[in-house]
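Each chain, written out:
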Amino acid sequence: MKKDTVCIHSARCTRPEHGAITTPIYQSATFVHHGVEDESEYSYSRLQNPSRRAVETRMAELEGGVDAIAFSSGMAAEAVMMNLFESSGHIISGDDLYGGSIRLFRHISMPSGIRFDFTDTSRVENIKPLLRPDTKAVYIETPSNPLMHVTDIRAAADIAHAAGALLIVDNTFMTPYFQRPLDLGADIVVYSGTKYLGGHNDTLAGFLVLKDKELAEKLRFYAKTIGACLAPFDCFLIERGLKTLAVRLEKQEANTRKIANWLRQSPRAQKVYYVGFEDHPGFAVTSRQCSGCGAMISVEFDSVETAENVLRNVKIFQYAESLGGVESLITYPMRQTHADIPEPERLARGINDRFLRISVGIENADDLIEDLKQAIGG
Ligand SMILES: Cc1ncc(COP(=O)(O)O)c(C=O)c1O
């Protein structure tokens, strides 16, 4: 089955009871044992719940994994995953990441004894010299948040595997609809399901998707022990979101292409970061490893005044910290997602007071362009 069909009819999902078309919300913390020996799949919802099982099954199938584990947020998924490396080992990480991931690595993983090297993994040749005998994983976001660096997943996987390390990919920006890292050699795929997977800015969620059964079992053990699981109603919302993933992303991508091209000719936009531009340094890799260019744009405007005018004056876009939903949002990374990154480091990477990140929704593209035009003032 093609991906747009799997979004709606996951072959691996069992049919809900009574002919229900949608998976019911199993709002139950616990499940009855039908006999002393009964060890049915469902006993207590921290371990598993039918609503969660349904959304996990659909995600595993979409991503081509043996298993997917649903968490209460993307950060919960990442925090649980980091238990694989507790107090030993070394990780090579991309240096342009969602600020919350950097906060987790610097303020929780590092004090617990994990050592990190950060580098621009879009130059895969940067990874090899950092490998050490205790390197346990290479961690990347591609495209990265917010600078849209593109890393060649297959090349990064080959380098990591040759050193006996795992390749972990945060695939939040592309989703399995546009990019399937496990097919390209990755071992773990991480998601903020809050974004495109849910798609409606109405719930938090996270996923880990695995290629290897043993690794999946280990992570399931950590997940059930720590308990940051996705609640039944949120499972329902994410499963519903997944059903429209394909149509939303097609529309969002088409809108984004138009808006990026318009922004590029605006004299107020000094630099437009969009992986769909043919002269983007990652365009060739994107064309090879993705079936679409996503719906994220970052822009460096000519002045702080223009950036603030945009945030103040937009009427359809909204100034809010998230991405991937049907509503178009604009984020000020300096004040929001990347506020915890030390200023000199942030500025050195170009995340300054003129830099905004745009998540394009499913509104009419011409309306969105008109909105930006009036907000910018020409
Ligand atoms: C790329 C990326 N990864 C992970 C996360 C964390 O996800 P959550 O906010 O669902 O905890 C985010 C959140 O913005 C993100 O953008």
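Just so it is clear, the model here is predicted, and its values are computed rather than measured.

Description of the sheet that holds strand β11 (residues 329-331)
With mixed pairing, the 5 strands of this open sheet are ordered in space as β8-β9-β12-β11-β10. Looking along the sheet, the strands with just one partner apiece sit at the ends: β8 (269-273) and β10 (318-319). Pairing of β8 with strand β9 (residues 296-301) involves 4 bridges; the strand directions are antiparallel. Each bridged residue has a counterpart across the sheet, and for V272 the counterpart in β9 is V299.

Description of the environment of R53
By the element assignment, R53 lies in helix α2 (residues 50-63). The class for R53 is partly exposed, based on 18 C-beta atoms found within 10 Å. Spatially, the C-alpha atom of R53 lies 18 Å from that of T194, the residues being 141 residues apart in sequence.

What to know about the domain arrangement of the protein chain
Along its sequence, the protein chain is carved into domain 1 (3-243) and domain 2 (246-376). Here the C-alpha centre of domain 2 lies 25 Å away from the C-alpha centre of domain 1. Opposite the 30 residues of domain 1 that make contact, domain 2 presents 33 residues. Secondary-structure elements contributing two or more residues to the side of domain 1 that touches domain 2 are α1 (3-8), α4 (99-109) and α6 (175-178). Residues belonging to the side of domain 1 that touches domain 2 are distributed by class as follows: 15 nonpolar, 9 polar and 6 charged.

Some details on the site of the ligand
Among the 14 residues in the neighbourhood of the ligand, the closest are listed as S73, G74, M75, Y98 and S192. Listed by contribution, the elements that provide at least two residues to the shell around the ligand are α3 (74-81) and α4. Taken together, the residues of the shell around the ligand sort by class into 3 nonpolar, 9 polar and 2 charged.

Some thoughts on α4
Of the residues making up α4, those classed as buried are S101, I102 and S109. For α4, the buried positions fall inside an angular range of 105° around the axis, keeping them on one side. In the core, the buried residues of α4 are packed alongside α3.

What to know about the pairing of strand β4 (residues 135-141)
For β4, the buried fraction is high: 7 of the 7 residues fall into the buried class. Here strand β2 (residues 90-94) pairs with β4 via 4 bridges, running parallel. Each bridged residue has a counterpart across the sheet, and for S93 the counterpart in β4 is Y139. Of the strand pairs in this sheet, β4 and strand β5 (residues 166-170) are connected by 5 bridges, and their pairing is parallel. Bridge assignment links A137 to a residue of β5, and that residue is L166. A crossover connection joins β4 to the parallel β5 through helix α5 (residues 153-162); in handedness this β-α-β unit is right-handed.

Side note on the nonpolar core
Grouped together as the largest cluster of nonpolar side chains are 99 residues, with contacts concentrated most on A70, V138, A156, F207, L208 and I297. Counting residues domain by domain, this core receives three or more from each of domain 1 (3-243) and domain 2 (246-376). Leaving out residues up to four positions away in the same chain, L208 has contacts with I69, A77, M81, I188, V190 and L219.

Observations concerning unusual backbone geometry
A cis geometry characterises the amide bond from T142 onward to P143, with omega recorded as -5°. In this fold, P143 is placed in the loop between β4 and α5. The step from N145 to P146 runs through a cis peptide bond, and the omega angle for that step is 10°. Along the chain, P146 falls in the loop between β4 and α5. Phi is positive for H18, close to 60°, though the residue is something other than glycine. Mapped onto the elements, H18 comes out in the loop between α1 and α2. Here M148, not a glycine, exhibits a phi torsion of approximately 60°, which is positive. With respect to the element layout, M148 can be found in the loop between β4 and α5.

Procedures and definitions
Residues numbered from 1 in each chain as written. Predicted model: local features only at pLDDT ≥ 70, side-chain atom pairs only at ≥ 80, totals over all residues. Pairing = 2+ DSSP bridges. Helix = DSSP H or I, 4+ residues; strand = E, 2+ residues; numbered from the N terminus. Buried ≥ 20, exposed ≤ 12 C-beta atoms within 10 Å, placed from the backbone. Domains from an automatic or database assignment. Contact = placed C-beta atoms within 7 Å. Nonpolar A, V, L, I, M, F, W, Y, C, P; charged D, E, K, R; others polar. Near = placed C-beta within 6 Å. Arc of directions from axis to C-beta. Right-handed = clockwise from strand over helix to strand, strands pointing away. Core = buried A, V, L, I, M, F, W, Y, C linked by C-beta atoms within 7 Å.

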